[in-house]
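Here is what each chain is made of, one letter per residue.
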Amino acid sequence: MAGKYSFHLKSADRRRALPGKVVIGQKDTETSAHVLLKLLGYLLFFRDRLQIEPRLHDDNIPYLPDLAQFDYTLRAALWVECGECSVEKLDRLAVKVPEAEIWVLKRSFAEAENLLRLMAKHGLRRNRYHLVGLDADMFAELESLLRARNEVYWVAGEFEPPNLQLDFNGLWFDAPFQVWAF
């Protein structure tokens, strides 16, 4: 493990009973941007039983999600990939986790649009995937503020209209994001 980041969380959103602290490990092959995407994904998709990099209960699935929520039969109900994700992996996930919502979180609109083009080019199944593209400038500024220990005050993260509001290490962010269905 290359590093560990802790995030002390507070929420103004009563619908999101966030835990007081989340620790995200950074593997040797991961960047700090990937860690930050996992945090933002955790905050945006927060729900009961959402886990960061959980162990799977199915040996037939050769992948590990960045974020996942399992139903009571331990099948994936939500699968979130953060950052780099191959089209081949997405194609296989549609078969391996057929009941799950599959989301991909990208750090910019351009990265999400590029993945959409690749998915269309490779003929992936339609009506199976959702992508979120974040504002690139906001993401770069958040990444510059990332430390080993961080303070996060989550105010809102709405999909209608797509917008997130948070205080990250003392700096306020209020930025739109984009959502695509494929």
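Right above here is the structure, for reference.
Since this is a predicted model, take the numbers as computed values, not measurements.

Caption draft 1: Examining the layout of surface pockets more closely. Considered as a void within the structure, the largest pocket measures approximately 300 Å³ in volume. Along its surface, the largest pocket is lined by 18 residues, and H34, D66, C82, G83 and E84 are the ones closest to its centre. If you list the elements that add at least two residues to the lining of the largest pocket, you get helix 1 (32-44) and strand 5 (76-82). Examining the composition of the lining of the largest pocket, we find that three residues originate from one element, helix 1, more than from any other. Grouping the amino acids of the lining of the largest pocket by side-chain chemistry returns five nonpolar, four polar and nine charged. For the second largest pocket, the calculated volume is near 160 Å³. D58, I61, L74, R75 and A76 are the residues nearest the centre of the second largest pocket, which is lined by 13 residues in total. When its residues are assigned to classes, the lining of the second largest pocket shows seven nonpolar, two polar and four charged.

Caption draft 2: Structural view of the packing of helix 1 against helix 4 (residues 136-145). At a minimum axis separation of 10 Å, helix 1 and helix 4 run at an interaxial angle of 110°. Between helix 1 and helix 4, the crossing angle belongs to the class labelled roughly perpendicular. Contacts between helix 1 and helix 4 pair S32, A33, L36, L37 and L40 from the former with F139, L142 and E143 from the latter. Broken down by class, the residue content of the contact of helix 1 with helix 4 amounts to six nonpolar, one polar and one charged.

Parameters and conventions
Residues numbered from 1 in each chain as written. Predicted model: local features only at pLDDT ≥ 70, side-chain atom pairs only at ≥ 80, totals over all residues. Heavy atoms only, no water. 1 Å grid on protein atoms, 1.4 Å probe; cavity = no way out; pocket = protein on both sides within 12 Å on 5 of 7 lines; lining within 4 Å. Points joined across faces, edges and corners; volume = space filled by probe spheres on them. Helix = DSSP H or I, 4+ residues; strand = E, 2+ residues; numbered from the N terminus. Nonpolar A, V, L, I, M, F, W, Y, C, P; charged D, E, K, R; others polar. Axes fitted to C-alpha atoms, helices over the stretch in contact; angles between N-to-C directions. Parallel < 35°, antiparallel > 145°, perpendicular 65-115°, else oblique. Contact = heavy atoms within 4.5 Å.

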